[in-house]
Amino acid sequence: MEKLELYIPTLDELWFRQKMISNPETMSYNANWDIDYEGYHKDTGCIDFPESEWAEWYEYWVGNEPKRFYAYIKRTSDGMCVGDINFHYTPEQDWWDMGIVIYSPYRGNGYAVPALRLMLEHAFRDCGVTRLHNDFEIERPASLKVHLAVGFRDAGIENGIQQVVLTREDYLSNN
């Protein structure tokens, strides 16, 4: 397995995020949702991310730990970015919601589990996050398999959406 690292992009490196979220194959999981977001394309799941929005987005997401964290998933062998990962605090639930996207050309290469492990280590040990949560459609069994493989527990299904949770205590007792 290739070694990965979490890499905080510079503002000028947000071209990779732009490339990923404008790619219909990468964003197909996001299609056909009723999302009220300017720049969201319901037919493809893609999201517009013009360069004029990069600075504001960057200021919001980068350098605001533990409230928010964003990083690229990068192969150490060649510096190639293969996806991104993030978490952010959701006060209404008293947990941190997280997300991971592997860029479609790199899916199926075993990057998700090691990338999640890197993020969990950072979230729980470095940032003091107490509980991570993610959710995704039940039609995405690979997502559930990946989350369970790194220690998340199945927290049930609500309206066709799989919920998974991992607490800091459970993570630290097993790692």
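The structure contained in this document is the topic of the report that follows.

Conventions and cut-offs
Residues numbered from 1 in each chain as written. Predicted model: local features only at pLDDT ≥ 70, side-chain atom pairs only at ≥ 80, totals over all residues. Heavy atoms only, no water. Phe/Tyr/Trp six-rings, centres within 6.5 Å; stacked < 30°, edge-to-face > 60°. Buried < 20%, exposed > 50% of the residue type's maximum accessible area, 1.4 Å probe, protein only. Helix = DSSP H or I, 4+ residues; strand = E, 2+ residues; numbered from the N terminus. Arc of directions from axis to C-beta. Contact = heavy atoms within 4.5 Å. 1 Å grid on protein atoms, 1.4 Å probe; cavity = no way out; pocket = protein on both sides within 12 Å on 5 of 7 lines; lining within 4 Å. Points joined across faces, edges and corners; volume = space filled by probe spheres on them. Nonpolar A, V, L, I, M, F, W, Y, C, P; charged D, E, K, R; others polar. Patch = residues over 30% accessible without salt bridge, like charges linked within 9 Å, V, L, I, M, F, W, Y side chains within 5 Å. Areas by Shrake-Rupley, 256 points an atom, 1.4 Å probe, with all protein chains shown as cover. Salt bridge = Lys/Arg side-chain N within 4 Å of Asp/Glu carboxyl O.

Thoughts on the packing of aromatic side chains
Consideration 1: Taken as a whole and judged by the stated rule, the model has 13 aromatic pairs.
Consideration 2: Summarising the aromatic geometry, the rings of Y70 and Y72 are spaced 5.9 Å apart at their centres and angled 75 degrees between planes, so their arrangement reads as edge-to-face. Each member of the pair, Y70 together with Y72, is buried.
Consideration 3: Seen in terms of ring centroids, Y103 and Y106 are 6.1 Å apart; in terms of plane orientation they differ by 50 degrees. Their pairing is tilted.
Consideration 4: Classification of Y103 by relative accessible area gives buried; the value is 9%.

Regarding helix α5 (residues 141–149)
Consideration 1: What α5 keeps buried is the set S143, V146 and H147. Down the axis, α5 shows its buried residues gathered within 95 degrees of arc, on one side only. Opposite the buried face of α5, at more than 90 degrees from it, the exposed residues are P141, A142 and K145.
Consideration 2: Check the buried side of α5 and you find it contacts β4 (95–102), α4 (112–126), β5 (131–137) and β7 (161–167).

Digging into the layout of surface pockets
Consideration 1: Empty space within the largest pocket amounts to approximately 1600 Å³.
Consideration 2: Around the largest pocket sit 47 residues that line it, and Y29, N30, G99, I100 and V101 are the ones nearest its centre.
Consideration 3: Going through the elements one at a time, α1 (15–21), α3 (54–61), β3 (81–90), β4, α4, β5 and α5 are the ones with two or more residues in the lining of the largest pocket.
Consideration 4: Sorting elements by how many residues they give to the lining of the largest pocket places β4 first, with six residues.
Consideration 5: In terms of residue class, the lining of the largest pocket is built from 25 nonpolar, 12 polar and 10 charged.

Side note on a nonpolar patch on the surface
Consideration 1: A grouping of W33, I35 and Y37 is seen on the molecular surface, where their side chains present a nonpolar patch of about 280 Å² in accessible area.
Consideration 2: Among the secondary structure elements, Y37 is positioned in the loop between α2 (24–27) and α3.

Examining the pattern of salt bridges
Consideration 1: Enumeration over the complete set of coordinates arrives at four salt bridges.
Consideration 2: With a shortest N-O distance of 3.5 Å, E2 and R75 are connected by a salt bridge. Of the two residues, E2 is situated in the segment before β1 (4–7) and R75 in strand β2 (residues 68–75); the sequence distance between them amounts to 73 residues.
Consideration 3: The salt bridge involving D78 is made with R75; its shortest N-O contact spans 2.6 Å.
Consideration 4: A relative accessible area of 46% places D78 in the partly exposed class.
Consideration 5: Overall, the relative accessible area of 11% leaves R75 in the buried class.

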